[in-house]
Protein chains: 2
Amino acid sequence: MEFFPPALERLIEQFARLPGIGRKSAQRLAFFVLSLSEEEAAAFAAAITDAKTAISFCPVCQNFSEGEGPCSICASPKRDQTLICVVADPKDVAAMERSREYNGLYHVLHGVLSPMNHVGPDDLHIQSLIARIASGQIQEVIMATNPDTEGEATAMYLSRLLKPFQVKVTRLAYGIPVGSHLEYADDATLMRALEGRQEME
Amino acid sequence: MEFFPPALERLIEQFARLPGIGRKSAQRLAFFVLSLSEEEAAAFAAAITDAKTAISFCPVCQNFSEGEGPCSICASPKRDQTLICVVADPKDVAAMERSREYNGLYHVLHGVLSPMNHVGPDDLHIQSLIARIASGQIQEVIMATNPDTEGEATAMYLSRLLKPFQVKVTRLAYGIPVGSHLEYADDATLMRALEGRQEME
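Sequence order sets the numbering: in each chain, residues are counted from 1 along the sequence as written. Following the order in which they are written, the chains are lettered starting with A and the ligands numbered starting with 1. Residue-level local features of this predicted model are given only where pLDDT is at least 70; pairs of side-chain atoms are given and counted only at 80 or more, and the full residue set underlies all totals for whole chains, interfaces and linings. The side-chain numbers reported here are obtained from all heavy atoms of the structure, hydrogens and water having been left aside.

Asker: What is the right way to read the sheet that holds strand S5 (residues 140–143) of chain A from this model?
Answerer: Through backbone hydrogen bonds, the strands of a sheet pair up, either in parallel or in antiparallel fashion. Residues and elements named next belong to chain A. If you trace the four strands from one edge of the open sheet to the other, you get S4-S3-S5-S6, paired in parallel fashion. A strand with exactly one partner marks an edge of an open sheet, and here the two such strands are strand S4 (105–108) and strand S6 (168–171). This sheet shows a mean twist of 25° between the axes of neighbouring strands, independent of strand direction. Summarising the sheet, strand S3 (residues 83–87) and S5 pair through four bridges and their orientation is parallel. Bridge pairing links Ile 84 to Val 141 in S5. Here the rule is simple: two strands pair whenever DSSP picks up at least two bridges between them. Only DSSP runs of H or I reaching four residues or more are called helices, and only runs of E reaching two or more are called strands; each is numbered from the N terminus. To get an axis, a line is fitted to the C-alpha atoms, and for a helix only the part in contact is used. The angle between two axes follows their N-to-C directions and goes from 0 to 180 degrees.

Rendered as structure tokens:
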């Protein structure tokens, strides 16, 4: 049912296709676009087409990249070229980078193993990871998939797959989150935090 | 802080400017755009610029309109030209139209009186409403602003302003919403529902 002029309806429909945006929110966003100046609306539209044309995947780590060749992280001489952090999604790279603690390379799987959703090893960027490790330069692979069932299973699967290459495979530590309260920690997390306890210096 | 390629960061920033969209949601939406085909992304961008250029305000009722001259509702010969429904926003026109019950014209104020937010009578489309009523064709004006303090005050203000024109001014009925439960109705609504009770036929 259309109660707005066609051009507005089309914009609402486009917004409504976005994940997590319902018809009401789409309306609100479309009204906001109409409230923008011509230049602002043009900049918004240009950002969409620009991102789509400019952004590709790094042929090495499969993270988002701009332009041809390896991404800025893979190409950086400041990065530790013997260390790979394996993550499920590009947004996990962003999360790791925010920590400012990690200085190695990445490998983005673009998903996790999920039999329920018919995602198997061939649907993930696993072959390219194997190829990188087979090249011999890598000394340690850090599994940084999410600490849920699927992330866990994927880390486990990869760790076994990498055994023959005699590379060190590690997993991010489990434990209580910094700044949280013990009373709100779930049993599994608390158990893992106990198991992984470390001597104080 | 930028952890994504510039073109992607720009798209995330554009989404983050939308009302109700935080940085995390903006990231999710930008990733979704990257997952679209070139054509789909182009259609999205075109919808934004098209809406912005094609949509204007109807010079008569101030509702969204496409092209020059009066909007499709104002120009429709099927509409009762003696009846005006006054609403705060274009989305309220859409709500009224959904009811399929109303067959008159509209007038969109583009806001309500709100001293707290420094919105006075001159900030709303009130002069053009007066002009329409002064033309003599209108017999009834239905106040359909929201049933909250500001909508109420705006309806009251307009109703007094229209007194000299000897036009019938009505207000949408208050009462319990259809399909709701009495036990969940608030006191004010229940009081209004009692006051407005009608004899059953």
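Asker: Honestly, the sheet that holds strand S3 (residues 83–87) of chain B in this entry has me stumped. Any pointers?
Answerer: All names here are of chain B. Pairing within the open sheet is parallel, and its four strands lie in the order S4-S3-S5-S6. Among the strands making up the open sheet, the edge pair consists of strand S4 (105–108) and strand S6 (168–171). Each strand of the sheet is rotated relative to its neighbour by a mean of 25°, with strand direction disregarded. Note on definitions: a residue-residue contact is assigned when non-hydrogen atoms from the two residues lie within 4.5 Å. Its contacts with the sheet put helix H5 (residues 90–99) on S3 and S4, and the angle it makes with S4 is roughly 155°.

Asker: Can you help me understand the pairing of S4 of chain A in this one?
Answerer: On a regular strand, each side chain points to the face opposite its neighbour's, so the side chains alternate between the two faces of the sheet. All names here are of chain A. Of the two faces of S4, the one carrying Leu 105 and His 107 and the one carrying Tyr 106 and Val 108 are both buried. Pairing between S3 and S4: four bridges, direction parallel. Paired with Cys 85 across the strands is Tyr 106, a residue of S4. Viewed along the sheet, the connection from S3 through helix H5 (residues 90–99) into S4 turns out right-handed. Only protein chains enter the accessibility calculation, which uses a 1.4 Å probe; a residue is then buried when its area is under 20% of its type maximum, exposed when over 50%, and partly exposed in between. Crossovers are described as right-handed under a simple rule: with the strands pointing away from the observer, the path leading from the first strand over the helix to the second runs clockwise.

Asker: What's the story with unusual backbone geometry in this structure? I'm lost.
Answerer: All names here are of chain B. Notably, His 118 is not glycine yet its phi reads approximately 55°, a positive angle. You can see His 118 is positioned in the loop between S4 and helix H6 (127–134). With relative accessibility at 69%, the residue His 118 sits in the exposed group. With a phi close to 50°, Gln 166 is a non-glycine residue in the positive phi region.

Asker: Mind showing me how you'd approach the nonpolar core here?
Answerer: Across soluble globular proteins, you tend to see nonpolar side chains buried next to one another. Residue types Ala, Val, Leu, Ile, Met, Phe, Trp, Tyr and Cys, when buried and joined through side-chain atoms within 4.5 Å, form a set referred to as a nonpolar core. Formed by 48 residues in total, the largest nonpolar core has its most connected members in Leu 8, Phe 15 and Ile 48 of chain A together with Leu 8, Phe 15 and Ile 48 of chain B. Mapped by element, the contributors of at least two residues to this core are helix H1 (6–16), helix H2 (23–35) and helix H3 (38–54) of chain A together with helix H1 (6–16), helix H2 (23–35) and helix H3 (38–54) of chain B. Excluding residues within four positions of it along the chain, Leu 8 of chain B makes contact with Ile 55 and Phe 64 of chain A together with Ala 30, Phe 31 and Leu 34 of chain B.

Asker: Which parts of the structure should I look at to understand the side chain of Glu 97 of chain B?
Answerer: Among the structural elements, Glu 97 of chain B can be located in helix H5. Ignoring anything within four residues of it in the chain, the contact list for Glu 97 of chain B reads Phe 3 of chain A together with Ile 73, Arg 79, Tyr 102 and Tyr 106 of chain B.

Asker: Before we go on, may I ask you to explain the relation of the copies chain B and chain A in this structure?
Answerer: Two chain copies here: they are related by a rotation about an axis and a translation along the same axis. Alignment of the copies relies on least squares applied to C-alpha atoms, considering only residues that score at least 70 for pLDDT in both. Between chain B and chain A, which share one sequence, the superposing operator has a rotation angle of 180° and an axial displacement of 0.0 Å; the RMSD is 0.0 Å. One copy is carried onto the other by what is essentially a two-fold rotation axis. When each C-alpha of chain B is compared by its distance to the rotation axis, Ala 45 of chain B comes out closest, at 2.1 Å. By residue overlap, the copies meet face to face through one surface: 96% of the interface positions of chain B are interface positions in chain A.

Asker: How should I be thinking about a nonpolar patch on the surface in this particular structure?
Answerer: All names here are of chain A. Residues enter a patch when their relative accessible area is above 30% and they make no salt bridge; the linking distance is 9 Å between like charges and 5 Å between nonpolar side chains (Val, Leu, Ile, Met, Phe, Trp, Tyr). Per-residue and other accessible areas follow the Shrake-Rupley method at a 1.4 Å probe size, with only the shown protein chains counted as cover for residues. Basic side-chain nitrogens of Lys or Arg form a salt bridge, by our definition, when they fall within 4 Å of a carboxyl oxygen of Asp or Glu. Taken together, the side chains of Ile 176, Leu 182 and Leu 190 define a hydrophobic patch exposed on the protein surface, amounting to about 250 Å² of accessible area. One can find Leu 182 in the loop between S6 and helix H8 (187–195). Residue class for Leu 182 comes out exposed when judged on its relative accessible area of 54%.

Asker: Explain the packing of H1 of chain A against H3 of chain B to me, please; I cannot follow it from the model alone.
Answerer: Pairs of packed helices are described in terms of their axes, by the angle between the two and the distance that separates them. Interaxial distance between H1 of chain A and H3 of chain B falls to 8 Å at its minimum, and their mutual angle equals 145°. Relative to H3 of chain B, H1 of chain A is oriented so that their crossing is left-handed. Contact with H1 of chain A, carried on its side by Ala 7, Arg 10, Leu 11, Gln 14 and Phe 15 of chain A, involves Ala 43, Phe 44, Ala 47, Ile 48, Asp 50, Ala 51 and Ala 54 of chain B of H3 of chain B and no other residues of that element. As a working rule, the residues Ala, Val, Leu, Ile, Met, Phe, Trp, Tyr, Cys and Pro are called nonpolar, Asp, Glu, Lys and Arg charged, and the rest polar, with Gly in that last group. Residue classes in the contact of H1 of chain A with H3 of chain B are distributed as nine nonpolar, one polar and two charged. Should the near helix be turned anticlockwise from the far one by less than a right angle, the crossing is termed left-handed; should it be turned clockwise, right-handed.

Asker: How do you make sense of the layout of surface pockets when you look at a structure like this?
Answerer: Think of a ball as big as a water molecule: rolled over the atoms, this probe shows where empty space is left. Grid points spaced at 1 Å over the protein atoms alone were grouped into cavities, where a 1.4 Å probe fits but cannot get out, and pockets, open sets with protein on both sides within 12 Å along at least five of seven lines, with lining residues defined by an atom within 4 Å of a point. Grid points are joined across faces, edges and corners, and a volume is the space filled by probe spheres set on the points. Quantified by volume, the largest pocket comes out at close to 460 Å³. Counting residues per element, the lining of the largest pocket draws most heavily on H5 of chain B, which supplies three residues. Split into classes, the residues belonging to the lining of the largest pocket amount to eleven nonpolar, four polar and three charged. By volume, the second largest pocket amounts to about 350 Å³. Lining of the second largest pocket is provided by 17 residues; of these, Phe 64 and Pro 90 of chain A together with Phe 31, Phe 32 and Ser 35 of chain B occupy positions nearest its centre. Within the residue set of the lining of the second largest pocket, elements represented by two or more residues are strand S1 (55–57) and H5 of chain A together with H2 of chain B. Ranked by residues supplied to the lining of the second largest pocket, first place goes to H2 of chain B with seven residues. Taken together, the residues of the lining of the second largest pocket sort by class into eight nonpolar, four polar and five charged.

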